[in-house]
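Geometric and topological summary
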Amino acid sequence: MTDAEEIKTTIYAMKTTAKQERTVVDNIVKALEDHDEIRVVAVMAPDELKGYVLIESPDSIARIEQLREMVPNARAVVKGEMAFSEIEHFLVPKPVVTGIDEGTIVELIAGPFKGEKAVVKRVDTSKEEITVELYESMVPIPITVRGDNVRVIDKTHE
Amino acid sequence: MASKTKKVLRVCRNCHHVVDGEACVTCGSSNLSEDWAGYLYIVDPKHSKIAEKMNIDMPGRYALKVR
Ligand SMILES: [Zn+2]
């Protein structure tokens, strides 16, 4: 992570034809392939933001204007830069339960059963919760815990 | 048949990647969802604050939210 050179990027908003937001995202990426002089690191179309796409770029607005001219259904670049904090709420990080599936053996690292081993029975990625059954318990009782309250011990459960 | 010809893009529940086939090429998961929102294209994950915030380190197409 630290080896990447630090470059400062800016968020620009680009107005699009209605319902063409995702197409415009794809078309921007396509246009970039033939134009090395324009640097864009990410493009996104949040569903809440109808008629716009957001472009993250280290370049000036003039470059983004140049890009806009090459992209069908892109209508205008909104003047001015946006702060990252203005778009941050659109970004939902990947769930913390990544890498945990049914059958994965985990150790509980928090809560009343801390230190106990358990088998994962169900993963709810939207709520970032997993349901486990304690490994050594005689009567299997399902317990639901937060995904970051477990540590993966073994991925290949036989 | 007509309604099925328009392909619905599916997304990996595990890593949010947009998937073309039956399994995710990035993480191998076949836990896919058609119920997702927000479209994100990461071009250069090393230099993108958006990618950093989303915990994404591979270029490609992603969903902002997966249900
Ligand atoms: Zn995946």
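Read on for an overview of the structure. (Residues numbered from 1 in each chain as written. Chains lettered and ligands numbered in written order. Predicted model: local features only at pLDDT ≥ 70, side-chain atom pairs only at ≥ 80, totals over all residues.)

1. Re unusual backbone geometry
Residues and elements named next belong to chain B. Here is the rule we go by: Strands here are runs of E lasting at least two residues and helices are runs of H or I lasting at least four, both read from the DSSP assignment and numbered beginning at the N terminus.
Unlike most non-glycine residues, H16 shows phi in positive territory, near 70°. Along the chain, H16 turns up in the loop between β1 (10-12) and β2 (18-19). If you check the backbone angles, N55 has positive phi at about 60° while not being a glycine. Turning to its location among the elements, N55 is positioned in the loop between α2 (49-53) and β5 (60-66).

2. Examining the environment of A:V24
Residue and element names in this part refer to chain A. This is how the line gets drawn: A pair of residues counts as a contact when their C-beta atoms, built from backbone coordinates, are separated by no more than 7 Å.
The residue V24 is located in helix α1 (residues 21-33) in this model. Between the C-alpha atoms of V24 and I87, which are 63 residues apart in sequence, the distance is 18 Å. Here V24 is in contact with T16, V53, V71, N73 and A74, once residues within four sequence places are set aside.

3. A look at the sheet that holds strand β9 (residues 150-154) of chain A
All names here are of chain A. Quick note on the threshold: When DSSP finds two or more bridges between a pair of strands, those strands are recorded as paired. Axis angles are defined between N-to-C directions and span 0 to 180 degrees, where every axis is a line fitted to C-alpha atoms and, for a helix, only to the segment in contact.
The sheet built from five strands is open, its strands ordered β8-β7-β6-β5-β9 with antiparallel pairing. Each end of this open sheet is capped by a strand with a single partner; those strands are β8 (142-146) and β9. Neighbour-to-neighbour, the strand axes of this sheet turn through a mean angle of 45°, independent of strand direction. When strand β5 (residues 105-108) meets β9, the two strands line up antiparallel, connected through four bridges. Bridging across to β9, I105 finds its partner in D154.

4. A closer look at the interface of chain B and chain A
Here is the rule: Each residue gets one of three labels, nonpolar for Ala, Val, Leu, Ile, Met, Phe, Trp, Tyr, Cys and Pro, charged for Asp, Glu, Lys and Arg, and polar for the others, Gly among them.
Across the boundary between the two partners, chain B contributes 25 residues, which contact 26 residues of chain A. Where the side of chain B that touches chain A is concerned, the elements lending two or more residues are β4 (36-42), α2 and β5 of chain B. If you tally residues by element for the side of chain B that touches chain A, the top one is β4(B), at six residues. Partitioned by chemical class, the residues of the side of chain B that touches chain A number 12 nonpolar, six polar and seven charged. Across four bridges, strand β2 (residues 42-45) of chain A lies against β4(B) in antiparallel orientation. Across the sheet, A:M44 pairs through a bridge with B:L40, a residue of β4(B).

5. Points about the environment of A:I11
Operational definition: We call a residue exposed when 12 or fewer other C-beta atoms sit within 10 Å of its C-beta, buried when the count reaches 20 or more, and partly exposed for counts in between; the C-beta positions come from the backbone.
Turning to its location among the elements, A:I11 is positioned in strand β1 (residues 10-16). Using a count of 20 C-beta atoms within 10 Å as the deciding quantity, one classes A:I11 as buried.

6. Brief notes about the pairing of strand β7 (residues 129-134) of chain A
Residue and element names in this part refer to chain A. As judged from the six bridges shared by strand β6 (residues 117-124) and β7, these two strands associate in the antiparallel manner. Within β7, the position partnered with A118 by the bridge is L134. Two successive antiparallel strands, β6 and β7, enclose a turn made up of four residues, where E128 displays a positive phi of approximately 60°. Sheet topology note: the β7/β8 ladder contains five bridges and is antiparallel. Residue pairing in the sheet places E129 in a bridge with R146 of β8.

Spatial relationships are all this shows, so hold off on functional conclusions.
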